[in-house]
Amino acid sequence: MLIGLDVGGTYTDAVLLEGREIIKKVKTPTDYEKLLNSLLAALDPLLEEAKGRAIERIVLSTTLITNLIATRRIEPVALVLIPGPGLNPDTFDYQVPLTISLSGAIDYRGREIEPLNEQELKECMEKIKDSGVRRIAVVGKFSQRNNKHEQKVATYLQEHIPDLEVIMGHQVTGRLNYPRRVYTTLLTLATQRRFREFYSEVQELLHRRGIKAPLYILKADGGTLPLEQSAAKPVETIFSGPAASTMGVLALTPRKQTSVVIDIGGTTTDLALILTGTPLLASKGARIDDQLTHVRAFATKSVAVGGDSCLRVRNGSLEILPYREGPAYCLGGPQPTPTDAMRVAGLTDIGDKDKAIDAMKILGKDLGLSVNRTAELTLKMMVRRITAEINSMFLAWEQEPAYRIWELRQKRKVRPQNLVGIGAASPALIPLLSKEMDCRPVIPQHAEVANAIGAALARVNLRLTFHFDTERNFYFIEENGVQERIPEPLHSLQDAEKFALGRLKEEGKKLGIITDDEPEIIYSELFNMVRGWRTTGRLIDVCVQFPTGVLVEWEEGGN
Amino acid sequence: MSRKTGLVFFPAFDWAITPTHPEREERLLYTRDQLFEEGVMDLPEIVEYKPRNADYKDIARVHFCVPDISAQITEAHLIAAGGTLVLADAFMNKEIDNGFALVRPPGHHSMRVVHGNRGFCNIHNEAIMIEYLRKNYGLQKIAIVDTDVHHGDGTQDIYYHDPDVLFISFHQDGRTLYPGSGFCNELGGPTAYGTTINIPLLPNTTDEGIHYVLDQLVLPLLEEFQPDIIINSAGQDNHYTDPLANMRFTARGYARLNEKLKPDLAVLEGGYAIESALPYVNMGIILAMAGIDYSWVREPDYRPENFRETPEHMAYLKGLVEHLQDAWHNREEMAAAGFPWDEEFFESSRMIYYDTDNIREQQQEKIRLCKRCPGYQVIRSRGLYPSGRIRTIQAIVLHRRACPSCQEEARELYRERIADPEGLDIIYLQDKPQDRYHQFTVSGESELQY
Ligand SMILES: [Zn+2]
Ligand SMILES: [Zn+2]
Ligand SMILES: [Zn+2]
């Protein structure tokens, strides 16, 4: 049996699954101050239902990291940067208490083009000592291709400052983009302690309940990792809420289809795309606090409109405001809302009908429209706003840059087949939206706990991206910071692929990933290095992963 | 609204002329690494665009492809040319303040008639972009500054008879480098005399020398010409590490050049120091165009003191600048005196060599000397292919501002030639006033129209 738990901003969902069958589902309000209590309130009924039968794993998705960062309750981290030539390092402000730039540079092939300066290093150490900050992120440009400078700085600082916690950029990510690496590295260190604290409490709690099943954490890219792995890079678990709902929809809708996931809540409508069965990832990585990161996350969009959005008329035209003044008028709230319009239009039976009519009257008076026309106009505006955002998401995907002929050839215009609604206001609005977009409306069964289902069924995902430089006889792996000599000669792309797949399986074993699925090659590419009309080496990129997605799919799903 | 620079980055990682050719998959690989590692695409001043395919008609506005367009191009060519069109649209729609198309394959050695690949080029990206801009947005006066180390002989050929296009190329002296042209006396045809300016530089000219030419000659000329748009044929092989040439220009020199020149649109041309130059030069150009501090961009072995000019070079440059300034200011008198204006046509002939494809082309050109308009030209071209095969074509180029009687003459000439092909294989008419492009293949008696 599997357990999925999603501690969301408003509700905590939990499900107990046996294959395709939902044995038990629970939905309770989330108490921010006492997250553990919310968790228990959702978990206990499931455990009771399980009655001691074996639970294979528990997957948790929480807003913990999102909240820590949003409320700035993260640890202070100082930056030691080795930017080398290029952009003026002052271009970026990472909003940290202390930033020190060192000279020294590595180039795109990983060659040292300027050594570190010992004197600067000493001054840097003294500054850190004086500052009192005890967490340091050391990040160099192109450090993923040669971590020598990062290693040297980190070792030196740790030798001279006791109790200093140091993290290095290459350990966090080897993807190109130094500013994103700096920010991701510093967030990683800034969240590690809180993350560990929280999860050791969770583990303690599970232990007390007699649960021996391993605990997995859902990440922003819809995959899960065992707790230990997540603890090294907690920032990857940010935005696990939207990831959980998308994975839930993936499980609850037919396979290999193209769908828009629409979660209509109180003041926002959250959108995500599933393209022929694969959730779309944000091309530039997750944006946190308006800064781009290397965190792989689904491409989501939040539209500032929901069931409780405040409505008003200004200069003779209707406006949907991006905030809430309280519940809907028909539920005793102070202001007309889209929920009142839905009530009047007969799309829902929530709330008091007369009050809903009053709400539309208030607006209609200033608009010069009848009650019914006012409700229609409100809904039409909402539908237009949401469909415009959906279309712009598809357009943005089509417009994503491509650097190869085959990639350009592949990107055709794609239209969604299904609009899949979850969230309270979805049943009322999905039919209207679907009509506007000429798609199939889908309100999946168990939609109210889609997040927990998504968490429960998300596969472990492990992806490794290799870069081989046969001329320098060196390779590195983006995801785990490995930088080594190439152990066996690579004569062809096939050799490199074989090597990469072998390493992935090894790594999977280490993480306890048990799967019958064969790993897959995401892409592989070979560049001959030609110097003076002669091939002197090869640059080979290979990306491999275990299949992603959900463990079980409901065959039909929908309606 | 803040300043925006548009970028199309199309490195064509799956296209090469041949596996070991300088124009191969690897060429922009390290540039990609540098730009992406710097996070250039994330900067608020930068907007990245996805390229699209150019249409055959876009190509037909510029070239006479033998035997037809599809024989001369691959999909990579369509994408590189199309990438420039994406930026052209974004620029004209005011989405961006300027733009740089970092695309390959390059184009500035492609001439009007295309029998094959010359100097790594088949079709001319900038000219395709310019004709597209003129057709779709009504631009009139264009300035092209070619900062590639090689003479932009394709650009010169395409615009040699167009008085509305000022083409300025500085390059390593043609006596010491491919394609062996681009001398001071190549100043334009009778109807466009003085709107082609060639600045041959001595080998080993440095930042200082190039900026002298820029400040003293190029910028004042542009100021006087008052173009609607400035295009940079942004080759990067003037760099001091380029393996195919012998100049001493630096990444910072290129950046400062773009800062002063302020091109509206720039298109990558040559540059084959793929590791030691391109990552840094491209970085410098992008930052300069976007108005971002580029003073931290430098090659690993950059030392400013290595890029000073010798007195001999400065003396040569001074003389050269004066000579070209004179030519520019006296261009109308020289055009009136130098050509037989009492006759209908002025004729010339030449040989063109296609280095990559080893094709020899013989060209005779008749230029209609009209006193009311830039007229038309009739090109007769014989391509001698390595296989021994020969193709002969005739092509008529009608200027977009041709007067009604020139238009009628040119169209009549096309019809006459079709009726009596005189041993020709293909007959073309580039009817720019009507934006119609005709190609009649004699053997199949079939006409293609774009
Ligand atoms: Zn040039
Ligand atoms: Zn060149
Ligand atoms: Zn005329």
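Since the structure is predicted, the reported quantities are computational estimates derived from the model, not experimental observations. (Residues numbered from 1 in each chain as written. Chains lettered and ligands numbered in written order. Predicted model: local features only at pLDDT ≥ 70, side-chain atom pairs only at ≥ 80, totals over all residues. Heavy atoms only, no water.)

**Quick look at the overall build of chain A**
- Counting its secondary structure elements, chain A contains 15 helices and 27 strands.
- Expected size for 559 residues packed as a compact globule is a radius of gyration near 24 Å; at 26 Å, chain A falls within 12% of this value.
- With the principal axes as the frame, chain A shows a C-alpha extent of 80 × 60 × 50 Å.
- Across chain A, contacts joining residues at least 24 apart in sequence account for 65% of those joining residues at least 6 apart.
- When the accessible surface of chain A is totalled, it reaches about 24000 Å², and 48% of it is carbon and sulfur.
- Across chain A, the mean location of the 70 positive side-chain charges is 3 Å away from that of the 71 negative side-chain charges. (Helix = DSSP H or I, 4+ residues; strand = E, 2+ residues; numbered from the N terminus. Rg over C-alpha atoms; globule rule 2.2 N^0.38 Å. Contact = heavy atoms within 4.5 Å. Areas by Shrake-Rupley, 256 points an atom, 1.4 Å probe, with all protein chains shown as cover. Lys, Arg positive; Asp, Glu negative; His and termini not counted. Charge placed at Lys NZ, Arg CZ, Asp CG, Glu CD.)

**Topic: the coordination of the zinc ion (ligand 3)**
Residues and elements named next belong to chain B.
- Note on the zinc ion (ligand 3): its protein donors are Cys-370 (SG), Cys-373 (SG), Cys-403 (SG) and Cys-406 (SG). The metal-donor distances range over 2.2 to 2.3 Å.
- We note that the donor set of the zinc ion (ligand 3) lies within a single chain, spaced as C-x2-C-x29-C-x2-C. As far as burial versus exposure is concerned, Cys-370 and Cys-373 are alike and both buried. (Donors = N, O, S within 2.8 Å, 3.2 Å for Na, K, Ca; no water. Buried < 20%, exposed > 50% of the residue type's maximum accessible area, 1.4 Å probe, protein only.)

**Side note on the UniProt feature "domain: Hydantoinase/oxoprolinase N-terminal" (unreviewed entry) in chain A**
- In the numbering used here, UniProt assigns the feature "domain: Hydantoinase/oxoprolinase N-terminal" (unreviewed entry) to residues 3-160 of chain A.
- Along residues 3-160 of chain A the backbone is 32% helical and 30% strand, and the end-to-end C-alpha distance reaches 47 Å. (UniProt positions renumbered as here; feature names shortened; annotations may be inferred.)

**Regarding the UniProt feature "domain: Histone deacetylase" (unreviewed entry) in chain B**
- Mapped onto this structure's residue numbering, the UniProt feature "domain: Histone deacetylase" (unreviewed entry) falls at residues 70-276 of chain B.
- Helix makes up 34% of residues 70-276 of chain B and strand 18%. Its end C-alpha atoms lie 35 Å apart.

**Observations regarding the sheet that holds strand S4 (residues 57-62) of chain A**
Residue and element names in this part refer to chain A.
- Ordered in space as S3-S2-S1-S4-S11-S12, the six strands form an open sheet in which the pairing is mixed. Looking at which strands have only one partner, the edges of the open sheet turn out to be strand S3 (21-29) and strand S12 (224-226). Across the sheet, the axes of successive neighbouring strands diverge by a mean angle of 20 degrees, strand direction being ignored.
- With three bridges connecting them, strand S11 (residues 215-218) and S12 associate as antiparallel partners. Residue pairing across strands places Tyr-216 opposite Pro-226, the latter belonging to S12.
- The strands that helix H6 (residues 178-208) touches are S4 and S11; relative to S11, the one it contacts most, it runs at about 140 degrees.
- Strands strand S1 (2-7), strand S2 (11-18), S3, S4 and S11 of the sheet are contacted by helix H14 (residues 450-457), whose axis makes an angle of about 130 degrees with S1. (Pairing = 2+ DSSP bridges. Axes fitted to C-alpha atoms, helices over the stretch in contact; angles between N-to-C directions.)

**What to know about the coordination of the zinc ion (ligand 1)**
All names here are of chain B.
- Every protein donor of the zinc ion (ligand 1) is accounted for by Asp-146 (OD), Asp-148 (O), Ser-169 (OG) and Phe-170 (O), and the metal-donor separations fall at 2.3 to 2.7 Å.
- Angles of 70 to 155 degrees at the metal separate the four donor atoms of the zinc ion (ligand 1), which places the site in the irregular class.
- Sequence spacing of the donor residues for the zinc ion (ligand 1), all on one chain, is D-x1-D-x20-S-F. Exposure class is identical for Ser-169 and Phe-170. Each is buried. (Tetrahedral: all angles 85-135°; square planar, octahedral: opposite > 155°, others 65-115°.)

**Focus on the sheet that holds strand S23 (residues 463-469) of chain A**
All names here are of chain A.
- Taken together, the five strands give an open sheet; going across it, the order is S25-S24-S23-S27-S26, and neighbouring strands pair in antiparallel fashion. If you trace the sheet from one side to the other, it starts and ends with strand S25 (483-484) and strand S26 (520-531), each paired once.
- Relative to strand S24 (residues 474-477), S23 runs antiparallel, the two sharing four bridges. Within S24, the position partnered with Phe-468 by the bridge is Tyr-475.
- This element, helix H15 (residues 493-510), spans S23, S24, S25, S26 and strand S27 (534-545) of the sheet and lies at about 35 degrees to S27.

**Some thoughts on the pairing of strand S10 (residues 265-268) of chain B**
Residues and elements named next belong to chain B.
- Where burial is concerned, the two faces of S10 agree: the one with Leu-265 and Val-267 and the one with Ala-266 and Leu-268 are both buried.
- Here strand S9 (residues 229-234) pairs with S10 via four bridges, running parallel. The partner of Ala-234 across the bridge, within S10, is Leu-268.
- Handedness of the β-α-β unit built from S9, helix H8 (residues 251-261) and S10 comes out right-handed. (Right-handed = clockwise from strand over helix to strand, strands pointing away.)

**Some thoughts on the interface of chain B and chain A**
- Contacts between the two partners involve 45 residues from chain B and, on the opposite side, 50 residues from chain A.
- Taken together, the two surfaces of chain B and chain A that pack against each other cover about 3900 Å², and 56% of this comes from carbon and sulfur.
- Area buried by chain B at its contact with chain A is led by Glu37(B), Lys50(B) and Trp296(B), which between them contribute 20% of it.
- Taken together, chain B and chain A are joined by eleven salt bridges.
- A salt bridge links Asp42(B) to Lys284(A), with the shortest nitrogen-to-oxygen separation between them at 3.5 Å.
- Going through the elements one at a time, strand S1 (5-10), helix H1 (29-38), helix H4 (75-92) and helix H9 (278-290) of chain B are the ones with two or more residues in the side of chain B that touches chain A.
- In terms of residue count, the dominant contributor to the side of chain B that touches chain A is H1(B) (eight residues).
- The class makeup of the residues in the side of chain B that touches chain A is 25 nonpolar, five polar and 15 charged. (Buried area = accessible area lost by both parts, 1.4 Å probe. Salt bridge = Lys/Arg side-chain N within 4 Å of Asp/Glu carboxyl O. Nonpolar A, V, L, I, M, F, W, Y, C, P; charged D, E, K, R; others polar.)

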